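Chain by chain, the residues run as shown.
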Amino acid sequence: MLKKSLKRRIDISFMMLIAATLIVIGIFHWLFIDDIYLENKKDILIESYNEISMVSDSEDGSIERFMTFCAKNNLSFVVTDFSFNVLISNLADAEDFARLLFGIILDKEGDNITVLSETEDYQIVKVIDRKENIEYIELLSSMGLNGYYVVRYPLLNIQEAAQISLIFYIVVGFIMLIVSGMTIRILTRRLTKPIGELIELSGRMTKLDFEARYQSGGEDEIGQLGSNMNIMSENLENSIKELKKANAELKQDIKIKTQIDEKRREFLSNVSHELKTPIALIQGYAEGLKDMVQDAENREFYCDVIIDEANKMNRLVRQLLSLDQLESGREQLDVTRFDISELIKGLLNSSNIRIEQTGAKVINDVKSPLYVWGDEFKIEQVLTNYLSNAFNHLEGDKIIHLTSEVEGGVATITVFNTGKPIPEEELDNIWSKFYKIDKARTREYGGSGIGLSIVKAIMELHSQKCWAENYENGVAFKFTLQTR
């Protein structure tokens, strides 16, 4: 709407200016054209006097030049002696004109004569020819001549020329007004087009759309404004991107802080819960040992329970300290190249007693030798947790199957055990601290829910992956290591 309004205002303003100019010129033309023409013809009459004054004889061509000048300017003249006998004239009725001249000279102050200007050499008058009823402008002179010189020009020609000129001016002015209007419309359209583009650009910027750019270009003020708008749009876009990025980072920081607070509360709750039972048992058995137990056999039983619960607390504290060091980055890796198949064989040999107790059938299909890069001590912790987890959840055919797969310089180690699959919605949660799927069973084998959290922290420190997959008859726990 603004674009159309501006265009209309420019069109109307220029059209009014042109029309006013034409009207003013027309008024001046109508008021002063007669006087201007009259002055112009007076100058021509004076020039004819100068020409006739230079005529000397017929042989030097001055008479021909004078006659040509009079014919060119439509002048009627007559030259007579002092007896009004015609010497030279371009009129067919020169004798009648001479007699008329005699009457004019004798009747200078008549009502048909108006003196326009007068000098020592000539007199210019406006005369009304009563016979023809035509008004003339005439120059009369006798100075420097052997008689009289009279030249005239009909004022009717002047008036007709003025009317024709005025009509011509009106027609041309009207045509020029139309042409100017069309030209102004074209020019204003070209002028307002980049302004309209700037309006559209600013409108999109108000809606935070900074993809639009001024395309019309140009080196004038509008082009410079468009260039500045483009720069401003780009700067605003970059600023808003930075603000959005900062806002996203702030939200992420708030989210992380919230998660840390939640984890801290959850950690304190879980630690309190895990320590509550062994502390209560230690306190109860210690009081029983002090107050009630008399025989050596019961005393030994009470002491064993206290020692066992103290060991659980000690193991929990050590696991928490180890996990804290891993997650905080204070734990440093001692990366070496070692044969993981030999490490697995050693762990299985040290687990013979537990294998016999659980009745497990252990199958070791890990490729030998299989050299990998990593911290051998911490990878041993990972395998120990995986094997311990397998023994604790062993059911069905009681098979523990260890395999390896190497692809693209990455070795994948798998520890599978038969038993109940983990609910799919729980697969991502088992790596969280103190998370237990079956709390009763975990309490039965003395688990704290920290082992898999330690595994995840160790693998993240190695920049490797660990995960679990369900099968119909059991669960497989996996991790990766680089082989080169």
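Residues numbered from 1 in each chain as written. Predicted model: local features only at pLDDT ≥ 70, side-chain atom pairs only at ≥ 80, totals over all residues. Heavy atoms only, no water.

### Concerning the packing of helix α9 (residues 376-392) against helix α11 (residues 451-461)
Consideration 1: Contact pair α9 / α11: the axes reach a minimum separation of 9 Å and the direction vectors enclose 145°. Between α9 and α11 lies a crossing of left-handed hand. Taking contact as the criterion, the partners of Lys-378, Ile-379, Gln-381, Val-382, Asn-385 and Tyr-386 in α9 are, on α11, Gly-451, Leu-452, Ile-454, Val-455, Ile-458 and Met-459.
Consideration 2: Class assignment of the residues belonging to the contact of α9 with α11 gives a composition of eight nonpolar, three polar and one charged. (Axes fitted to C-alpha atoms, helices over the stretch in contact; angles between N-to-C directions. Helix = DSSP H or I, 4+ residues; strand = E, 2+ residues; numbered from the N terminus. Left-handed = near helix turned anticlockwise from the far one by under 90°. Contact = heavy atoms within 4.5 Å. Nonpolar A, V, L, I, M, F, W, Y, C, P; charged D, E, K, R; others polar.)

### A look at the nonpolar core
Consideration 1: Counting 40 residues, the largest nonpolar core has Ile-340, Tyr-386 and Phe-479 as the members making the most contacts within it.
Consideration 2: Counting only elements with at least two residues in this core, the list comes to α7 (340-350), α9, β10 (399-407), β11 (410-418), α11, β12 (466-471) and β13 (474-482).
Consideration 3: Of the residues forming this core, the biggest block, seven residues, is contributed by α9.
Consideration 4: With residues up to four places along the chain from it excluded, the contact list for Phe-479 reads Ile-340, Ile-379, Val-382, Leu-383, Tyr-386, Ala-411, Thr-412, Ile-413, Met-459, Lys-465 and Cys-466.
Consideration 5: Formed by 19 residues, the second largest nonpolar core is a distinct cluster that contains Tyr-49, Ile-52, Ile-124 and Leu-155. (Core = buried A, V, L, I, M, F, W, Y, C linked by side-chain atoms within 4.5 Å. Buried < 20%, exposed > 50% of the residue type's maximum accessible area, 1.4 Å probe, protein only.)

### What to know about a nonpolar patch on the surface
Consideration 1: Together, Ile-23, Val-24, Ile-27, Phe-28, Trp-30, Leu-31, Phe-32 and Ile-36 give the surface a local cluster of nonpolar side chains, amounting to about 830 Å² of exposed area.
Consideration 2: Locating Ile-23 in the fold gives a position in helix α1 (residues 2-53). (Patch = residues over 30% accessible without salt bridge, like charges linked within 9 Å, V, L, I, M, F, W, Y side chains within 5 Å. Areas by Shrake-Rupley, 256 points an atom, 1.4 Å probe, with all protein chains shown as cover. Salt bridge = Lys/Arg side-chain N within 4 Å of Asp/Glu carboxyl O.)

### Concerning helix α2 (residues 62-72)
Consideration 1: Every buried residue of α2 is listed here: Ser-62, Phe-66, Phe-69 and Cys-70. For α2, the angular spread of the buried residues around the axis is 95°, confining them to a single face. In α2, those exposed residues whose orientation departs by more than 90 degrees from the buried face are Thr-68, Ala-71 and Lys-72. (Arc of directions from axis to C-beta.)

### Considerations on the packing of aromatic side chains
Consideration 1: As enumerated under the stated definition, the model contains six aromatic pairs in all.
Consideration 2: With a centroid separation of 4.8 Å and an interplanar angle of 75°, the aromatic rings of Phe-66 and Phe-77 are classed as edge-to-face. Taken together, the residues span a long stretch of sequence, with Phe-66 in helix α2 and Phe-77 in strand β1 (residues 76-80) at a distance of eleven residues. In terms of burial, Phe-66 and Phe-77 fall into one category: buried.
Consideration 3: Taken together, the ring pairs connect Phe-66, Phe-77 and Tyr-149 into an aromatic cluster. (Phe/Tyr/Trp six-rings, centres within 6.5 Å; stacked < 30°, edge-to-face > 60°.)

### Quick notes on the side chain of Asp-339
Consideration 1: Relative to the elements of secondary structure, Asp-339 occurs in strand β7 (residues 335-339).
Consideration 2: Within polar-contact distance, the side chain of Asp-339 engages the side chain of Ser-341 at 2.5 Å.
Consideration 3: The residues touching Asp-339, leaving out its near neighbours within four places in the chain, are Pro-369, Leu-370 and Tyr-371. (Polar contact = N/O pair within 3.5 Å; in protein donor to acceptor, adjacent residues only side chain to side chain.)

### Structural notes on the packing of α7 against α9
Consideration 1: Running from N to C, α7 and α9 cross one another at 50°; their axes reach a closest spacing of 11 Å. When the interaxial angle is binned, α7 and α9 end up oblique. In terms of crossing hand, the pair formed by α7 and α9 is right-handed. Across the interface between the two elements, Ile-340, Leu-343, Ile-344, Leu-347 and Leu-348 from α7 touch Glu-376, Ile-379, Glu-380, Leu-383, Thr-384 and Leu-387 from α9.
Consideration 2: Its residues assigned to classes, the contact of α7 with α9 comprises eight nonpolar, one polar and two charged. (Parallel < 35°, antiparallel > 145°, perpendicular 65-115°, else oblique.)

### Some thoughts on the pattern of salt bridges
Consideration 1: Tallying each qualifying case throughout the model produces six salt bridges.
Consideration 2: Its salt-bridge partner being Lys-42, residue Glu-39 comes within 3.5 Å of it at the nearest N-O pair. A residue pair is termed a helical-turn pair when its members lie 3 or 4 positions apart in one helix, as Glu-39 and Lys-42 do in helix α1 at three residues.
Consideration 3: Judged by its relative accessible area of 41%, Glu-39 falls in the partly exposed class.
Consideration 4: A residue is classified by how much of its surface remains accessible, and Lys-42, at 11% relative accessible area, is buried.
Consideration 5: We note a salt bridge from Glu-342 to Lys-345, for which the minimum N-O separation is 3.6 Å. In this pair, Glu-342 and Lys-345 are both assigned in helix α7, three residues apart and thus about one turn of the helix distant.

### Side note on unusual backbone geometry
Consideration 1: Omega for the peptide link from Ser-368 to Pro-369 comes to -5°, which places this bond in the cis form.
Consideration 2: With respect to the secondary-structure elements, Pro-369 resides in the loop between β8 (361-365) and β9 (371-375).
Consideration 3: The phi dihedral of Asn-74 is positive, around 60°, even though this residue is not glycine.
Consideration 4: Positionally, Asn-74 belongs in the loop between α2 and β1.

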